Each structure stands twice: as C-alpha cells, then as structure tokens.
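Notes for the structure review
The primary structure of each chain is shown beneath.
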Amino acid sequence: QVQLVESGGASVQPGGSLRLSCAASGGSFGSSAMGWFRQAPGKEREFVATISWSGNSTYYAKSVKGRFTISRDNAKNTVYLQMNSLKPEDTAVYYCALSLYGATRFMDEYEYWGQGTQVTVSS
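Description of the structure in this document. Keep in mind that what you see is a predicted model, and the values were worked out from it rather than measured.

Quick look at the overall build of the protein
A count of helices and strands for the protein gives zero helices and 11 strands. For the protein, the sequential pattern of α-helices and β-strands runs β-β-β-β-β-β-β-β-β-β-β. Over its C-alpha trace the protein gives a radius of gyration of 13 Å, about what one expects of a compact globule, namely 14 Å for 123 residues. When the backbone C-alpha atoms are referred to their principal axes, the protein occupies close to 45 × 25 × 25 Å. Out of the 123 residues in the protein, the part that is buried amounts to 43%.

Details of the pattern of salt bridges
A full pass over the atoms with the stated rule returns three salt bridges. We note a salt bridge from Arg-38 to Asp-90, for which the minimum N-O separation is 2.9 Å. Residue Arg-38 is located in strand β4 (residues 33-39), and its partner Asp-90 is located in the loop between β8 (78-83) and β9 (92-99); the two are separated by 52 residues in the primary sequence. Judged by relative accessible area, which is 5%, Arg-38 ranks as buried.

Some details on the pairing of β4
With six of seven residues buried, β4 lies mostly within the body of the structure. Alignment of β4 against β9, held across seven bridges, turns out to be antiparallel. Each bridged residue has a counterpart across the sheet, and for Arg-38 the counterpart in β9 is Tyr-94. By the bridge criterion, five bridges tie β4 to strand β5 (residues 46-51) in an arrangement that is antiparallel. For Met-34, the partnering residue across the bridge sits in β5 and is Ile-51. Where β4 hands over to β5, the hairpin turn is made up of six residues, of which Gly-42 adopts a positive phi near 80 degrees.

About the thresholds
- Residues numbered from 1 in each chain as written.
- Predicted model: local features only at pLDDT ≥ 70, side-chain atom pairs only at ≥ 80, totals over all residues.
- Heavy atoms only, no water.
- Helix = DSSP H or I, 4+ residues; strand = E, 2+ residues; numbered from the N terminus.
- Rg over C-alpha atoms; globule rule 2.2 N^0.38 Å.
- Buried < 20%, exposed > 50% of the residue type's maximum accessible area, 1.4 Å probe, protein only.
- Salt bridge = Lys/Arg side-chain N within 4 Å of Asp/Glu carboxyl O.
- Pairing = 2+ DSSP bridges.

By themselves, these are just geometric observations and shouldn't be taken as functional.
The structure is reproduced here in structure tokens:
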C-alpha cells in the first residue's frame, strides 16, 4: 500500500541538469532508506544512488559519482536526485524505491517501487 510518486523526468541536452523527486505515502515503516535505479531499453535495471534514513550515508554507482547527488527531506517523505552534467548514456527510465533493509545497491533489497520516470539525454 506504499505509494511512491515520481516527478521531474524530461528530455535534456548533454551537459544539462535535471532534478527528480519521489514522494512516499501510504505506509508507516519507521526509518527506511531510499534509492534510485535506472533501466535503459535492452539493459538490466542498475543501481544509481541510495541514501540512509538520516541522510548521513549516501552511495553512488561509479558511473554517476561526481555528477549526481541524492538527498531527502523526511518531513516531506521525499527523496531527490539532482543530476548534473548529463550524458546520453544516462538515458533511461528512473525508478525510486524504498528499502526496509537499509541503504543498499541491491535491487532485491528494495520492497517498494515507483512507476518510473523517463529521462532522455540527446542533442
């Protein structure tokens, strides 16, 4: 019954920026980590970034380190992904997810998922 609602996906040029948002509602699970994954056509879903409940721990895929920043506002039950210096290879459907396990890069350790939002990076 947990619902994750994403927003912010768009089409941008290489080098551009986007900020994705994901608001969680419908459940009480106490502290939970949040993460972002992405999936391009013909590819497996891959880990992008994760953040602990406190926000004090963050982890990133090597492919996005230095370009993407994950953050959260627990008062709003919202997680963000700031994406800078976007590259064509960042094109994918981006999914936010909630983990009761903790901040993890493993897809199977996330219990709830958003609907996905399309990010397209092209000239």
